[in-house]
Amino acid sequence: MCDMEKPGRLGGFGPFRRAGLRFCILLAVGLFCLGPVLWQAVTSVKPDVDLVRLPPILPERATGLHYERVLLESPLVQSLVNSMVVAASATAVSIIVGSFCAFALARLPMAGKPVILGFVLATSMFPPIAVISPLYLLMRELGLRDTLVAVGLTHAVYALPLAVWLLTSFFRQLPSELYYAARVDGCTPLRALVTVILPLARPGLAVAALLVFIFSWNEFMFALTLTASDSTRTAPVAVALFPGLYEIPWGDLAAASLVVTLPVAGLAALFQRHIMTGLTAGSVKG
Amino acid sequence: MTPPRFTGTEGPTGLLRLSERGWGYLLAAPAFVLVGLLALAPIMAALWLSLHRRLPIFGVDEFVGAWNYLQLWSDDRFWAACRTTLYFTGLSVTAELLLGFGLAILLDSLTGGRDRSPRWAQVMIILPWAVPTVVSAQIWAWLYQPEYGLLNYLLLQAGVIDARIDWLADPDWAIHAAVVMDVWKTTPFAALLLLAGLKSVPQELYAAARVDGAGAWQRFRRITLPLLMPIVVIVLVFRTMDAVRVFDAVFVLTGGGPGNTTETLSIYAYKTLFQTLQFGYGSALATAIFVIVAALSSLYVLLLRRHLRESL
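Residue numbers here run from 1 along each chain, matching the order of that chain's written sequence. Each chain gets a letter, beginning with A, and each ligand a number, beginning with 1, in the order they are written. With the structure being a predicted model, the display of local features is reserved for residues of pLDDT at least 70 and the display and counting of side-chain atom pairs for 80 or more, all residues being used for whole-chain, interface and lining totals.

1. Quick notes on the interface of chain B and chain A
What counts as a contact here is a pair of residues whose C-beta atoms, placed from the backbone, lie within 7 Å. Each partner contributes to the interface: chain B provides 78 residues, whereas chain A provides 85 residues. A run of DSSP states H or I qualifies as a helix once it reaches four residues; a run of E qualifies as a strand once it reaches two. Both are numbered from the N-terminal end. If you tally residues by element for the side of chain B that touches chain A, the top one is helix α1 (residues 20-49) of chain B, at 18 residues.

Right under this line is the structure:
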């Protein structure tokens with residue numbers, strides 16, 4: 001709309017009709033992308049009486065009751081804390097372990113690197129359902145069932161291929177002279193990684209960390225299977241098993257949905273450019 | 001950034017004397033151990049379990065060889081789940097690719113010659129991608145709600161339908177309702193990848209084609225599509241893998257109902273494992289899914305290699 005003078009690619013119309021057409025298409029796309037979430041936002045502030053009738057689309061007065069109930073009287077806050085702990089530790093573990101492995105793959109001589117990388121890719125394609133029952137039995141044997149450790153560790157491992165893949169490509173972009181210079185100066189490879197490579201690869205690390213965090217925050221099947229009580233459930237599990245005695249409390253559910261989405265949607269909006277870098281690097285190199 | 005500290009000649013003993021190659025294996029080891037322990041060992045264990053009849057509640061645990069797989073072959077519910085999964089995958093991946101392409105072209109045209117789309121447009125598009133799948137299932141369950149759901153209301157007002165439809169309880173509609181939700185959630189991923197591809201097409205090619213009198217369709221067909229082929233294949237691979245494994249989206253939206261009409265392979269396996277606690281048979285199901293995914297992905301890898309080689 002802002003560049004009407006330019007020969008647009010929708011060509012063939014007068015400038016005003018073209019702008020109008022563009023506006024309509026954009027509006028449709030916007031409604032498609034944002035509509036469902038906006039409707040959830042409207043629902044979350046509707047008084048209970050307005051939930052069971054349509055019209056009106058918009059309520060005459062908004063209420064904060066659903067948020068109050070969800071945040072003060074339900075285990076949602078606990079599950080948000082759990083999700084935060086799980087996602088943060090999964091991110092830390094997979095970035096630390098992943099950057100070691102990625103560095104070895106990017107800079108050190110190892111036999112069969114393509115095989116290893118292909119293998120990493122293959123692991124990321126494992127259907128979670130294929131490993132879930134032995135994993136469940138294993139965690140039960142280790143006494144880790146229904147603990148955050150079990151969920152965090154599992155998330156870290158299943159995010160590891162993504163982290164390794166991304167970081168390998170980021171490390172390869174750094175000039176290898178930097179590494180050799182550090183080696184000549186007497187650094188061990190580990191020290192060269194920590195003091196030279198990692199500080200330079202900070203943007204790449206941030207991208208990988210962001211994607212792992214979002215993956216872990218949103219993951220459902222492992223979290224559902226490995227937890228069994230309110231004190232360990234993560235946020236998506238809490239939303240999926242939202243308690244409804246006779247009827248689904250749609251207003252509360254809407255409020256809970258938005259609260260759970262807020263952290264990741266915020267991250268995505270703030271770091272949208274980095275996420276795109278990660279998604280394209282992670283897959284185009286695939 | 002701190003410069004590497006110069007430590008003079010290196011004279012440490014033991015571990016630090018490792019060769020470069022040795023360091024490589026040492027640094028890669030933690031990742032291998034974790035993946036081996038929590039991904040490879042479970043896969044092997046699942047294979048092993050699938051050769052057993054194991055029902056913990058009855059204390060049954062016996063080796064039965066390929067019996068579970070023979071059962072699987074004659075299990076109608078398994079074949080129905082296969083059909084549902086493939087139908088879901090085919091429909092949603094096709095729609096995502098086409099819509100994603102449209103969206104990417106639209107965003108690209110918004111920016112004219114600049115190499116970045118407006119930030120607000122990208123944020124808007126990335127939002128559905130960031131929404132947790134479980135949340136998106138709940139969002140759509142509310143939209144589909146028969147009496148107070150927005151969808152029925154809008155369609156009634158517009159005169160498209162003349163009676164409320166219970167989308168999730170109708171055997172014909174339910175799977176399509178799940179597809180629409182999946183398309184909403186994942187089209188942004190496709191669009192963003194394709195957009196990145198569009199940005200990398202040199203503008204001079206279009207200009208040259210225009211000089212030669214090529215129309216918009218010809219420019220798309222002869223320039224955009226061939227250059228974007230690698231990305232199209234990648235989108236296909238990633239989306240197909242995710243759709244074949246689909247669990248949370250459909251599980252939360254319909255629970256596999258009504259009457260198992262939306263039961264995908266993962267949901268069937270999950271129910272067998274954790275609701276009826278048949279660990280042996282469930283593992284055979286899970287192994288079958290693994291084989292299907294592996295077969296599909298190796299097929300794609302072959303495709304991908306040819307396309308990547310052509311584009312390089």
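Structure shown, so let's carry the discussion forward.
2. Brief notes about the nonpolar core
With 169 residues, the main nonpolar core has Cys101(A), Leu160(A), Ala163(A), Val212(A), Leu194(B), Leu253(B) and Ile289(B) as its most contacted residues. No other element matches the 17 residues that helix α7 (residues 148-173) of chain A contributes to this core. A domain-level breakdown of this core finds at least three residues from each of domain 1 (15-68) and domain 2 (75-284) of chain A. Apart from the residues within four sequence positions on either side, Cys101(A) is in contact with Val164(A), Leu27(B), Ala28(B) and Ala31(B). Only buried Ala, Val, Leu, Ile, Met, Phe, Trp, Tyr and Cys residues enter a nonpolar core, and they are joined through C-beta atoms within 7 Å. Once C-beta atoms are placed from the backbone, each residue is buried if 20 or more other C-beta atoms lie within 10 Å of its own, exposed if 12 or fewer, and partly exposed for counts between those two. Domain segmentation is taken from an automatic or database assignment of domains.

3. Structural notes on the confidence of the model for chain A
All names here are of chain A. Summarising the model, chain A shows a mean pLDDT of 85, and 92% of its residues fall at 70 or more. Helix α14 (residues 272-284) is the least confidently modelled element of chain A, averaging 73 in pLDDT, while helix α4 (residues 76-107) averages 94, the highest of any element. A residue's pLDDT is the predictor's confidence in that residue, given on a scale from 0 to 100. Scored below 50 in pLDDT, residues 1-11 makes 14 contacts in the model with residues more than four places away or belonging to other chains.

4. Regarding the packing of helix α4 (residues 119-130) of chain B against helix α7 (residues 171-199) of chain B
Residue and element names in this part refer to chain B. Where α4 meets α7, the axes come as close as 7 Å, and the angle between the chain directions of the two elements is 130°. As far as their axial angle goes, α7 and α4 are oblique. The crossing of α4 and α7 is left-handed. For the pair α4 and α7, contact is made by Ile125, Ile126, Pro128 and Trp129 and by Trp184, Lys185, Pro188, Phe189, Ala191 and Leu192, respectively. Nonpolar residues are Ala, Val, Leu, Ile, Met, Phe, Trp, Tyr, Cys and Pro. Charged residues are Asp, Glu, Lys and Arg, and all others, Gly as well, are polar. Classifying every residue of the contact of α4 with α7 gives nine nonpolar, no polar and one charged. A fitted line through C-alpha atoms serves as each axis, taken over the contacting stretch for helices, and the angle formed by two N-to-C directions is quoted from 0 to 180°. An angle counts as roughly parallel when it lies under 35 degrees, as roughly antiparallel when it exceeds 145, as roughly perpendicular when it falls between 65 and 115, and as oblique in every other case. For any pair of crossing helices, the crossing counts as left-handed if the nearer helix is rotated counterclockwise from the farther one by less than a right angle, and right-handed if it is rotated clockwise.

5. Here's the deal with the pairing of strand β2 (residues 60-63) of chain B
All names here are of chain B. Strand direction decides the pairing type here: strand β1 (residues 52-55) and β2, joined by four bridges, are antiparallel. Bridged to histidine 52 within β2 is phenylalanine 63. Strand pairing follows a simple DSSP-based rule, namely that at least 2 bridges must link the two strands. Here β1 folds back onto β2, and the loop between the two strands holds four residues, one of which, glycine 59, carries a positive phi near 65°.

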